[in-house]
Amino acid sequence: MKYRPFGRLDFKVSALGFGSMRLPTKDGAIDEAKATEMFQYAIDNGVNYIDTAYPYHGGQSEAFLGRLLKSGYRDRVKLATKLPSWLVKEPADFDKFLNEQLRRLQVDYLDFYLLHSINRNSWIKLRDLGVREWAEKAISSGRFCYLGFSFHGEYEEFKQIVDEYDWTMCLVQYNYMDVNNQAGMKGVKYAASKGMAVAVMEPLLGGKLAKAPNSVQAIWDSATRKLSPVGWALMWLWNQPEISVVLSGMSTLEQVQQNVAFANESGVGSLSEEELALFDKVRQAYKDLTAIPCTRCGYCMPCPQGIDIPRNFTVYNEALMYGDTKSARGQYEQWKRSHENDPSRPDIRAAQCVQCRTCEDKCPQSIPISEWMPVVHKALGENGPFVRTLK
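For clarity, every value in this text was computed on a predicted model and none was experimentally measured.

Draft legend 1. Summary view of the packing of aromatic side chains. Counted by the stated rule, this structure contains 28 aromatic pairs. Ring geometry for Tyr165 against Trp167: centres 4.9 Å apart, planes inclined by 70 degrees, an arrangement best described as edge-to-face. The class for Trp167 is buried, based on a relative accessible area of 1%. One Lys or Arg, Lys78, reaches over the ring of Phe11 and ends 5.2 Å from the middle of that ring.

Draft legend 2. Up close: the pairing of strand β12 (residues 245–248). Residues of β12 alternate between two faces, with Val245 and Leu247 on one and Val246 and Ser248 on the opposite face, all of them buried. Here two bridges tie strand β11 (residues 197–201) to β12, and the two strands are oriented parallel to one another. Paired with Ala199 across the bridge in β12 is Val245.

Draft legend 3. Local environment of unusual backbone geometry. Here the residue pair Met301 and Pro302 is connected by a cis peptide bond, since its omega of 0 degrees sits within 30 degrees of zero. Tracing the backbone shows Pro302 in the loop between α11 (273–287) and α12 (309–322). At Arg357, a position not held by glycine, the phi torsion is positive, near 65 degrees. With respect to the secondary-structure elements, Arg357 resides in the loop between α13 (325–341) and α14 (369–381). For Arg357, a relative accessible area of 41% translates into the label partly exposed.

Draft legend 4. Region of interest: helix α1 (residues 32–44). With 13 residues, α1 extends 18 Å between its outermost C-alpha atoms, agreeing within 8% with the 18 Å of an ideal straight helix rising 1.5 Å per residue. If you check which residues of α1 are buried, you get Ala35, Met38, Phe39, Ala42 and Ile43. Each buried residue of α1 lies within a common arc of 120 degrees when the element is viewed along its axis, so the set occupies one face. Each element contacted by the buried residues of α1 is listed here: β3 (16–19), β5 (29–30), β6 (49–51), α2 (60–69) and α10 (253–264). In the segment just after α1, Gly46 is the residue with positive phi, at about 105 degrees.

Draft legend 5. How the structure looks around the nonpolar core. The biggest cluster of nonpolar side chains holds 94 residues, and the ones touching the most others in it are Phe18, Leu115, Phe149, Tyr176 and Tyr286. Those residues in contact with Tyr176 that sit more than four places away from it in its chain are Leu209, Trp220, Ala233, Trp236, Phe279, Val282, Arg283 and Tyr286. Listed in part, the 27 residues of the second largest apolar core include Cys300, Cys359, Met373 and Leu380.

Draft legend 6. Spatial organisation of the pairing of β11. Within β11, five of the five residues are buried, which leaves it mostly tucked inside the rest of the structure. The parallel pair strand β10 (residues 169–173) and β11, bridged by helix α7 (residues 184–193), forms a crossover whose chirality is right-handed.

Draft legend 7. Structural context of the pattern of salt bridges. As enumerated under the stated definition, the model contains 21 salt bridges in all. Residue Arg349 pairs with Asp347 through a salt bridge whose shortest N-O separation is 2.9 Å. The pair formed by Arg349 and Asp347 is uniform in burial state, with each residue classed as buried. One network of salt bridges, with partners in common, ties together Glu62, Glu100 and Arg104.

Draft legend 8. Expanded view of the sheet that holds β6. Taken together, eight strands build a closed barrel; the order of strands is β3-β6-β7-β8-β9-β10-β11-β12 and the barrel is parallel. In this sheet, neighbouring strand axes are inclined to one another by 25 degrees on average, regardless of whether the strands run parallel or antiparallel. Taken together, the six bridges between strand β8 (residues 110–118) and strand β9 (residues 144–151) define a ladder with parallel strand orientation. Pairing of Phe112 across the sheet is with Tyr146, part of β9. Helix-sheet contacts for helix α5 (residues 131–140) involve β8 and β9, and the interaxial angle to β9 is about 145 degrees.

Draft legend 9. Here's a closer look at the environment of Val230. Tracing the backbone shows Val230 in helix α9 (residues 229–238). Each C-alpha atom, one on Val230 and one on Ala210, is 5.1 Å from the other, the two residues being 20 residues apart in sequence. Apart from the residues within four sequence positions on either side, Val230 is in contact with Leu204, Ala210, Asn259 and Phe262.

Quick notes on the rules
- Residues numbered from 1 in each chain as written.
- Predicted model: local features only at pLDDT ≥ 70, side-chain atom pairs only at ≥ 80, totals over all residues.
- Heavy atoms only, no water.
- Phe/Tyr/Trp six-rings, centres within 6.5 Å; stacked < 30°, edge-to-face > 60°.
- Buried < 20%, exposed > 50% of the residue type's maximum accessible area, 1.4 Å probe, protein only.
- Lys NZ or Arg CZ within 6 Å of the ring centre and 35° of its normal.
- Helix = DSSP H or I, 4+ residues; strand = E, 2+ residues; numbered from the N terminus.
- Pairing = 2+ DSSP bridges.
- Expected span 1.5 Å × (residues − 1).
- Arc of directions from axis to C-beta.
- Contact = heavy atoms within 4.5 Å.
- Core = buried A, V, L, I, M, F, W, Y, C linked by side-chain atoms within 4.5 Å.
- Right-handed = clockwise from strand over helix to strand, strands pointing away.
- Salt bridge = Lys/Arg side-chain N within 4 Å of Asp/Glu carboxyl O.
- Axes fitted to C-alpha atoms, helices over the stretch in contact; angles between N-to-C directions.

Scope: geometric values only; no functional claims are made or implied.
Dropping the structure here:
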């Protein structure tokens, strides 16, 4: 196993970390026999960082890891879990959830405790409830060693959060397709410049990058070195000195074995200039599979009906790019449920379009937005076809 610096800490982390969100299941519960075999193989082969969270597998993930680690593995790994930020209503909830998680995990302390899925609004809520002061007391009492956060938002939000506390680490969604999305490469470099460890989640974009369409696979096949799409995606991350650990949510022993093997071959600067150029070609090949030439500039916003036009177009395009219509439709349905559960939140779906065309004069790409909106809704909301051109 290759090991890498972990920010400013005197600790070397395995290049590969084990994310505990996608463990194998059987009859609705974690298949503990298979999951145990996976973790044992990973740790026995040098993986020393395990990540979980309060809601993973409906709370089963933490409880399972508690049983696993008691069998002699606790001292061989750094353990991270996360505060369910969205459930925090008052300061007393900080202790409530941490104590519950320590009991679930059957440990006296955590190595890393992260504020889960933070953006600007959730950070402000936790900050104003005193999470920074509470964390300092929890660290002093020995219940966890270091505070970090996981992030889903835009770069400016990320920078604000980084600047408002002396964080040890952050966990960001990052892969070769998300260079300019969420925190992006700019955020990764900024956090590292502050001495923070940078852990990466979604290195395969939820598995979307694991199976390449023909046009993308042809680019990978042109390389002298032969790697799978998974191998290329992981190597791209490990090539960057700012990355401390790449978390993989592995579901089978075979995935663990393959990823451990990739990690053993990893290293900063291990990709040649010719190989790095392949990623630019692959990004473009994926983009060529999309239908709507939206750049997410936001000039079309705000919509009088509350529709998030760029997000609708992004979800539609990504369904075409990655061949994953199920996830796209699930996200669209989630937007609907969020509005129904809380009517104060706008219904951001394309279904709300009234063809007023207010947005179209503002679009620098001259997209016929009002014509695309019913097409997007039919595909995402009514299980209709995904088309690449308007009739």
